[in-house]
Structure formats: structure tokens, C-alpha cells
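Residue-level listing of the chains:
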Amino acid sequence: MAEAHQAVGFQFTVRPDGVELKLSQEVIKNIYLSGLTAWKKRAIQFKNGVLAGVYPASPSSWLIVVIAMMSSLYTRVDPSLDIVVPFLSRDCMSVQTRAVLSAILFATGLWLFLIYLLRYTLKALLSYHGWIFESHGKMSTSTKVWLTLVKMFSGRRPLLYSFQASLPRLPVPSVDDTIHRYLESVRPLLVSDEYDQMVTLAKEFKDSKAAQLQRYLILKSWWATNYVSDWWEEYIYLRSRSPIMVNSNFYIMDLLYITPTHRQAARAGNMVHAMLQYRRKLERGEHAPLRALGTVPMCSTQMERMFNTTRLPGIETGRQAHAAKMHLIVYHKGRFFQVWLYTGGRHLLPSELELQFQRILNDTSEPQQGELKLAALTAGNRVPWARARSKYFSQGLNKVSLDAIESAAFFLTLDDEPQGYDQARPRSLDSYAKSLLHGKCYDRWFDKSFTLISYPNGKMGINVEHSWADAPIVGHMWEYVLSTDCFHLGYTEEGHCKGDVNKGLPYPSRLQWQIPVECKSIIEASYVSAKRIADDVDFYGCLFHEFGKGLIKKCRTSPDAFIQMALQLAQFRDQGLFCLTYESSMTRMFRDGRTETVRSCTSEAVAFVKAMESADSTQHKVTLVCVFGQNAQRLALFRKAADKHQNMYRLAMTGSGIDRHLLCLYIISKYLNVDSPFLKKVLSEPWRLSTSQTPQQQLNLVDIKKFPKYVGAGGGFGPVADDGYGVSYIIVGENLITFHISSKFSCPHTDSYRFGQHIQKAMLDIQALFTEEKNKPENLL
């Protein structure tokens, strides 16, 4: 059908006297509008690039400086002190012309100097992090002065990338500090002999090889914008040869209680249109930069690769590919469709997108040979996929179709099985999560920056490839899309997208494939491998309603520290031992910053957990005073552990973490062929409890107090260790915390549901300490 529309738009006839062309006026108009839109887009990008390039100044400030310099001509004073005039030709310019040109050039130079002065002043101010270590609600006078100066030098109406040049570089911690913090972190996990051995290895490393490796790392920190991020992306993600499905990719869910429409095509139409609006603002840099405290800017580099990005496989390492194309690839029942997102120089309207998606849903054609499970190549091991891509997808129809997928804005799956949270089915969140995390192993293109997933009941979700960005980046887009879908675009009473339906749009076109038998075998092998991984994922979604952020804050403690202590208590009750615990912390207050690790299992946390689990020594003569005395001790230990955790989290955020520094030292040691038993030991330690908080970043988009049902369910990831748990949690509003817990069925010692029950019990037990503290006899009196 698409080919038929093109034929109508462009016709030619060969005659003996020449070639007669017949062009459709509508096509010419669309071509003109498309070109006009492209030029407008370039002009806006250029304008915003200039605005961001001179920020915190503005182009108008240049005119002010020039006028000020020009006014000096009337006072016969040369503000340039004859610095510029000698470089101007005396032969072809009059004295007055030379004076004017000299004033303009000097004003321009002065203006640029002032811009760099403002930038470096702001960078120096942003390098101060003392504010983050102050107690919540207590701000020192020095911090208030600093905050005022930051606001003063931050300028007005910044664009998304305005602060990039003013962000400080991530500092390299000293080796002594990193080793000290590392040994402190493993002390509660090792018996005395093991700890003494680790101390010996650390001392040997510090005395022999550390200084040489540190010098190279400092040199890199001077040269690169961030000494960690490129190696983190390369060695943690792109060089990994194992499947990225479950092991690397993560997911984010839809609204928990609300489904705006149960029409699959309509919901997909609104969501895709909202994403196109977000992309337009992203390309133009019109999103407001995220800021801590509403003032301190954070790096926006990761957002550049959100759309039209694909992770390409390689034999030894993969790479990221980015192409600005204006189409979408849609997968439905084993078929791949290409849908153009623009017409007449504008985005397709939600109603037009709904029409296109409904056409795909109504299409009854069968998949081509080898097409059904083709996407399983992206779910299996990377090396077979890299070899198959090079051999079978490097030319002909296969190359054209693969290029269409890899250059698409993103990938959309129109799923055929309903999912979502159902209060009548307590475990419905589990199947929803598994669907988003791995699906059928062949119905998501796991290499795309993200795959948008649409279900027949109107629910949505996304599966995200991890190497290009971290969860808060995608979460920012997802918050915008959900709020735009529900509160700005909306639906008709019948559940369709609003607006007229343009039935003249060309039909979505099928991608064509020629899959040989040998390639089908590789596809099937990848599918079998991926299916084995997917079937092994044990998932439990837990909605904790008893209390939330509101009550925790009344206890004068950090909600994140509260939950992390509950996780330590749950881990001990579940496994009977403590383990190395990973919590993700962002470092985006620095240029090109990504994440750092917070090692949550501290000596203070272990002391608190042991106190919670110790038998009551006075159980044979229980008195009110004894009970209160024991719980007071537990509460004191909890506060000490929570404060320690908060301090470690702040250190990680401000560039004084442990693990990224040690990773980079290890990478340099491999380049230099330097053997370090200490670094090998550190990098081989398993993270049996891997945790992450999904933040809510744009609270202004939805008033939760007014619309309490419009809350998201957060997202999650697969287990990092074969014998461990992966826990993601989101603190929603004041009274809800959602946990996403994953493990492996193949491990006999783990059970996601059991661990979820332990978490809920631990949360209640800790909260009870604060309740009993309020009910102490002296407080009751």
C-alpha cells in the first residue's frame, strides 16, 4: 500500500521526444514542509547551541558591552589602551573606522573573558560539597552564602545543557583514603584471618604498585572530562560477552492503579506522541536542567543518546551507534513494521499514530521465514550475534531492514498478552515485571536504547538497554510521558485518541528478510540460551502500604538509610549471614558523571542487626523498663548505622567512593601488565545483594495529593549474583514504598517472595523502635 501511494505521488512517462514528469502537488507540498521543518530545527538547534555556549552570559550582553565600549569614543578614551589598534591596517581604514573596529574587537574579547571568568567562578563554587554533609534542615551560614553565590552566577532561564561547561571534573581520591574505606567496608564480612590477609595484600599494593597506577589515573583525569565514565561504559557494559537480557537491561512500569484507556492502539498513540514531544524538546535543549536543592546543576550528557541509539555487538567489544532518523519500528506477532513519525513537516498526531498501530494490529499476514524469533539474537550471547550480524546482515534486504531497526527512534512491541497490576491478583506484579524484563525472549529488541511495550489492556512499560544511561535518565523521560498522556493529551469517551483521523496516511511497511537455514540455527540457539535465563528469574513485586516517606521523616532519619537498614536485617534473617551489598549512587554533579557504589553493609549496620536478632537476656523476668532499655539500645545503634550510611552515600556522590577508583586502577594495571593480587581480589568479590532506588524527579508534573492514584510503580532489574538478590525500590508519595525483588530459581538458598516478606517484617520492626521510643514512661509522663 505504501508503494502505491508513492506511485501516485510521482509518475513519469518515457516518450520519443523525452520524459514527461507528473508530480503530485500534495507530495511537493509535503516535501517543502519537511524541508522547512528541518531548516527550522537546525536554526533552533544553532540558536540554543549559541545560548548554551555563552551561558551564563547572553548574546544581548555582548551588545551591551559593545555599546559601552563605543560610548568611550566620545570621551576620546581608548579602553583597549592601544592594544588592538596597532594590528589594524592604516592604509585601508580611516582613523574613525579603526577606532570603531578596535572598540568592537576589544568589547568582544572582554565579553568572552567575562564569560570564562563567570564559568570558572561557577565551577569553583560547584566544587564545594560541604552543604551535602550538613544535617537535614540545618544549613550553616557559609552554606547559605555559597547557595546565594551559586544562584547569582547561575544566570536566568538556563537550557538543558547550559551548565555543562561549568560542571567540575570528578576528583581522583587518594589511594590511602580508598584503601582505608575499602578495608573498613569488608571488616564485618571477613573472619580475622581473612581480614588480616586482605590488610597484608592492601599494604603490599599501596607500598609497591599503587603510586605508579595512581599517577596514570591522575593524568587521565586531567585529560578526560571524567576519568571513570568511558571505562565504565566500555569494560562493564560493552565488553561483556554474556547476554544483556536480564543480566544488564532493566525495566520501568506504567502507572500502578490507573489505565487511561483500555484500547491498545490509542494508548500507544498517545505515549509515542508524548515521546516525540519530549525528543523535540531534548534536541532543542529546552528541558530544564535537573538541580539538587533546586540550585546545584547535574550533568545532562547521558540524555543525548536517549533516542535513535542502538548497542551494536562485536567479537571483543560492542559499540554505540546513533542516527537521527524519523521512523519507528513496531513488532507484532513475529512481524516487523516501519512507521514514519512525520508527515508534512510535523509529528504524526496521536489519532494518526493510533490509526497506524491499529492497522498493524489488524494485519493478519504471517511472519516470514526466520522472522518470528529474529530478535532473540539480541537476547543471547554477544559473540554469536556479532558473527551472525557480520555474515548474514551486512548486505541486501537484511542489511536494509536491520539498518531500519538500528536507526529507528526506538522500538515498539505491540504485545498480545495483557499485563499490569491487579489488586485481585496479588502476584500480578510478578508476571508484569517478568514480561517487561525479558518477555518471550524474542519480542523485544534488547539492543535498542529502549523498547516501549504496549499491552492489549492498555498498560505500558519499557525495557532499557543499560550501557548508554542509568535509570534516572530514562525515568525523567517516563515521568514526562505519563503526565503528558494523562493530563494533556487525554482520550475521548470511547477511549480513542483525540483529534481527527487522517486515513490518507500510507500504511506501515513490512521489513523484508531473507534468513538462510544456517542463520535460523543461530537464532534458535540464542533463543534457547535466553529462554533458559528468563525461566530462571524468580520475581516478587511487593507494595508496602503500612507507612512511607512521611512517617520515616517524622522519625528524623533518611528514608533511604531506613530502607537500607531494613534490607540488611532482611538479608540476615533470610540467609543467616551478611554479604557485600551494592547500592547505586549518582555522581552527576560532575561532568559526564554516572554512578558510584555505596557499600551498605557496614560494621554499624551489622551491630544494629545483631542487636535486633539477639535474644532478650531478661526474658525470664520481663519488665517494662527492661524492654524499653533494650529497644533504646537498638534504636541508638540504628541511628548510628543510618548516619554512617548517609555519610557513605554523600562521599560516593561527591567523588570519594571506593569501587570506581579501584576499578580504574585495575584497568590501568592490565594495560601496564602489572599484577596486583589485591585488585584481583577486590574485583572478584560477588555482590550478593544489589540494590537501587528509583527516584521521583519531577514532582511538579503530577500533584499526588490531588491525584493519589496517579503514581508509578517504579522499575527493577535481574539478580546480579547467581546466589543473591536484586532489589529495586521506589518511595512513592508519603505512604507507599514499592519493592521489586529478583533472584534465581536455580539457587536453592534464595526465594524472592520469602525475601519480600522479610523486608516487610524488617520495616515494621524498625518502625516499632520509634513507636516504643515515643511511648517510654518518661515520655508518657
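Position numbers for residues count from 1 along each chain, tracking the sequence in the order it is written. Reporting in this predicted model follows two pLDDT cut-offs: at least 70 for local features of residues, and 80 or more for side-chain atom pairs to be given and counted; totals over whole chains, interfaces and linings ignore these cut-offs and use all residues. Only heavy atoms go into the side-chain values, all of them from the structure, while hydrogens and water stay out.

Engineer: Break down the overall build of the protein for me, citing the residues and quoting the values.
Structural biologist: Helix numbers and strand numbers start at the N terminus; a helix is a DSSP run of H or I with at least 4 residues, a strand a run of E with at least 2. Along the protein, the regular secondary structure elements total 24 helices and 22 strands. Type-normalised accessible area, obtained with a 1.4 Å probe on protein chains alone, sets the label of each residue: buried when under 20%, exposed when over 50%, and partly exposed for intermediate values. The buried share among the 781 residues of the protein stands at 53%. Throughout, a contact is declared for two residues whenever any of their heavy atoms are within 4.5 Å. Taking contacts inside the protein between residues at least 6 apart in sequence as the whole, the part at least 24 apart equals 79%. Of the roughly 35,700 Å² of accessible surface on the protein, 57% is carried by carbon and sulfur atoms. For the accessible areas, the method is Shrake-Rupley and the probe is 1.4 Å, while residue cover comes only from the protein chains on display.

Engineer: Before we move on, could you go through the packing of helix H10 (residues 264-283) against helix H11 (residues 350-362) and cite the residues and values that matter?
Structural biologist: Angles run from 0 to 180 degrees between N-to-C directions of axes, and those axes are lines fitted to C-alpha atoms, restricted for helices to the stretch in contact. Running from N to C, H10 and H11 point in directions that differ by 135°, and their axes come no closer than 8 Å. The angle between the axes of H10 and H11 places the two elements in the oblique class. Crossing hand, H10 versus H11: right-handed. Listed contacts from H11 to Gln264, Ala265, Ala266, Ala268, Gly269, Asn270, Val272 and His273 of H10 are Pro350, Leu353, Glu354, Phe357, Gln358 and Leu361. Orientation is classified from the angle alone, with under 35 degrees giving roughly parallel, over 145 giving roughly antiparallel, 65 to 115 giving roughly perpendicular, and any other angle giving oblique. Crossing chirality is assigned from the near helix's rotation relative to the far helix, an anticlockwise turn below a right angle marking it left-handed and a clockwise turn marking it right-handed.

Engineer: Just give me the short version of the UniProt feature "active site" (unreviewed entry) in the protein, but keep the residues and values in it.
Structural biologist: UniProt positions are given in the numbering used here, feature names are shortened, and annotations may be inferred rather than shown by experiment. UniProt feature "active site" (unreviewed entry): in the numbering of this structure it lies at His466. When you line up the elements, histidine 466 lands in the loop between strand E14 (460-464) and helix H15 (471-489). Owing to a relative accessible area of 17%, histidine 466 belongs among the buried residues under this scheme. Residue contacts for histidine 466: discarding those within four places in its chain leaves Tyr237, Ser248, Asn249, Phe250 and Arg594.

Engineer: Can you explain the sheet that holds strand E21 (residues 725-732)? Please cite residues and give values.
Structural biologist: Across the sheet, six strands lie side by side as E16-E22-E21-E19-E17-E18; this open sheet has mixed pairing. The open sheet has two edge strands with one neighbour each: strand E16 (537-544) and strand E18 (595-599). Each strand axis lies, on average, 20° off the axis of its neighbour in the sheet, ignoring direction. For two strands to pair, DSSP has to find at least two bridges joining them. Taken together, the eight bridges between E16 and strand E22 (residues 736-744) define a ladder with antiparallel strand orientation. When the bridges of E22 are listed, glycine 541 appears paired with histidine 740. In this fold helix H21 (residues 659-671) packs onto strand E17 (581-586) and E18, with an angle of close to 115° to the strand it touches most, E18.

Engineer: So, helix H5 (residues 141-153): which residues are in play, and what are the values?
Structural biologist: Multiplying 1.5 Å by the helix residue count minus one yields the expected span of that helix. The end-to-end C-alpha distance of H5 is 19 Å, a good match for the 18 Å that 13 residues give at a rise of 1.5 Å each. A positive phi of about 75° marks glycine 155, the residue just after H5.

Engineer: Any details on the packing of H10 against H15? Residues and values, ideally.
Structural biologist: The N-to-C vectors of H10 and H15 enclose an angle of 125°; their axes lie 9 Å apart at closest approach. In terms of orientation, H10 lies oblique with respect to H15. Our pair here, H10 against H15, has a crossing hand that is right-handed. Counted together, Arg267, Asn270, Met271, His273, Ala274, Met275, Gln277, Tyr278 and Lys281 of H10 and His476, Met477, Trp478, Tyr480, Val481, Leu482, Thr484, Asp485 and Leu489 of H15 form the full contact between these two elements. We call Asp, Glu, Lys and Arg charged. Ala, Val, Leu, Ile, Met, Phe, Trp, Tyr, Cys and Pro are nonpolar, and the rest, Gly among them, are polar. Classifying every residue of the contact of H10 with H15 gives ten nonpolar, five polar and three charged.

Engineer: How would you explain the packing of aromatic side chains if you had to name every residue and give the values?
Structural biologist: Aromatic pairing here means that ring centres of Phe, Tyr or Trp (its six-membered ring) are within 6.5 Å. Orientation follows from the plane angle: under 30 degrees is stacked, over 60 is edge-to-face, and everything else is tilted. On inspection of all chains with the given rule, the structure shows 37 aromatic pairs. When the centroid spacing of 5.7 Å and the interplanar angle of 80° are considered together, the rings of phenylalanine 307 and phenylalanine 450 count as edge-to-face. On the criterion of sequence distance, the pair formed by phenylalanine 307 in the loop between strand E5 (296-297) and strand E6 (309-312) and phenylalanine 450 in strand E13 (residues 450-454) is long-range, its members being 143 residues apart. By relative accessible area, which is 0% here, phenylalanine 450 ends up buried. For a ring to carry a charge above it, either NZ of a lysine or CZ of an arginine must fall within 6 Å of the ring centroid while also lying within 35 degrees of the normal to the ring plane. Over the ring of phenylalanine 337 we find arginine 510; its NZ or CZ atom is 5.6 Å from the centre of that ring. The ring centre of tryptophan 232 lies 3.7 Å from the NZ or CZ of arginine 660, which sits over that ring.

Engineer: Can you explain the environment of alanine 375? Please cite residues and give values.
Structural biologist: Along the polypeptide, alanine 375 turns up in the loop between H11 and helix H12 (382-392). Distance from alanine 375 to tyrosine 442, taken between C-alpha atoms, is 4.7 Å for residues 67 residues apart in sequence. Filtering out sequence-adjacent residues up to four positions away, alanine 375 remains in contact with Phe336, Cys441, Tyr442, Arg444 and Trp445.

Engineer: Quick rundown of the pattern of salt bridges? Include the residues and the values.
Structural biologist: In what follows, salt bridge is the name for a side-chain nitrogen of Lys or Arg lying within 4 Å of a carboxyl oxygen of Asp or Glu. In total, this model carries 34 salt bridges according to the counting rule given. Across the salt bridge formed by arginine 754 and aspartate 574, the nearest N and O atoms sit 2.7 Å from each other. In this pair, arginine 754 is assigned in helix H23 (residues 752-774) and aspartate 574 in helix H18 (residues 559-575), connecting sequence segments 180 residues apart. A residue is classified by how much of its surface remains accessible, and aspartate 574, at 11% relative accessible area, is buried.

Engineer: An account of the sheet that holds strand E3 (residues 250-253) is requested, with residue identities and associated values reported.
Structural biologist: The strand order across the open sheet formed by eight strands is E15-E9-E8-E12-E13-E14-E3-E20, and the pairing between neighbours is mixed. Edge positions in the sheet fall to strand E15 (509-510) and strand E20 (715-717), since each of these pairs with one other strand and no more. Two elements, E3 and E14, share four bridges in a ladder whose sense is antiparallel. Opposite methionine 253, over in E14, you have glycine 461 as the bridge partner. The sheet strands contacting helix H13 (residues 396-407) are strand E8 (327-332), strand E9 (335-340) and strand E12 (411-414), and the helix crosses E8 at an angle near 105°.

Engineer: An account of the environment of threonine 295 is requested, with residue identities and associated values reported.
Structural biologist: If you trace the backbone, threonine 295 turns up in the loop between strand E4 (291-292) and E5. Look at threonine 295 and you get buried, because its relative accessible area is 4%. C-alpha separation for the pair threonine 295 and leucine 147, spaced 148 residues apart in sequence, amounts to 7.7 Å. Apart from the residues lying within four places of it in its own chain, the contact partners of threonine 295 are Leu147, Val150 and Lys151.

Engineer: Break down the pairing of E17 for me, citing the residues and quoting the values.
Structural biologist: Summarising the sheet, E17 and strand E19 (residues 689-693) pair through three bridges and their orientation is parallel. Counted as the bridge partner of threonine 581 is leucine 689 from E19. Pairing of E17 with E18, which is carried by five bridges, proceeds in the antiparallel orientation. Of the residues in E18, the one forming a bridge with tyrosine 582 is arginine 599.

Engineer: How would you explain H11 if you had to name every residue and give the values?
Structural biologist: Over its 13 residues, H11 runs 18 Å from end to end, which matches the ideal 18 Å to within 8%, given 1.5 Å per residue. Taken as a whole, H11 has its buried residues at Pro350, Ser351, Glu352, Leu353, Glu354, Leu355, Gln356, Phe357, Arg359 and Ile360.

Engineer: Break down the side chain of serine 229 for me, with residues and values.
Structural biologist: In this fold, serine 229 is placed in helix H9 (residues 229-238). Between N or O atoms, a polar contact is any pair within 3.5 Å; within protein, one atom must be a potential hydrogen donor and the other a potential acceptor, and residues adjacent in sequence are included only when both atoms are from side chains. Within the structure, the side chain of serine 229 is placed 2.4 Å from the backbone oxygen of aspartate 592, a separation counted as a polar contact. Setting aside residues no more than four positions away along its own chain, serine 229 makes contact with Asp592, Gly593 and Arg594.

Engineer: Would you mind going over unusual backbone geometry in detail, with residue names and values included?
Structural biologist: Its identity is not glycine, yet lysine 333 carries a phi of approximately 50°, on the positive side. Structurally, the position occupied by lysine 333 is in the loop between E8 and E9. The phi angle at aspartate 592 is positive, at roughly 60°, despite the residue not being glycine. Residue position: aspartate 592 is located in the loop between E17 and E18.

Engineer: Please set out the pairing of E9 residue by residue, giving values where relevant.
Structural biologist: Counting buried positions along E9 yields five of six residues, so the element is predominantly enclosed. As judged from the six bridges shared by E8 and E9, these two strands associate in the antiparallel manner. Bridge pairing links histidine 327 to tryptophan 340 in E9. The loop that links E8 with its antiparallel partner E9 comprises two residues; one of these, lysine 333, has a positive phi angle of about 50°. The pairing of E9 with E15 spans two bridges and is antiparallel. In the strand pairing of E15, phenylalanine 337 is matched with arginine 510.

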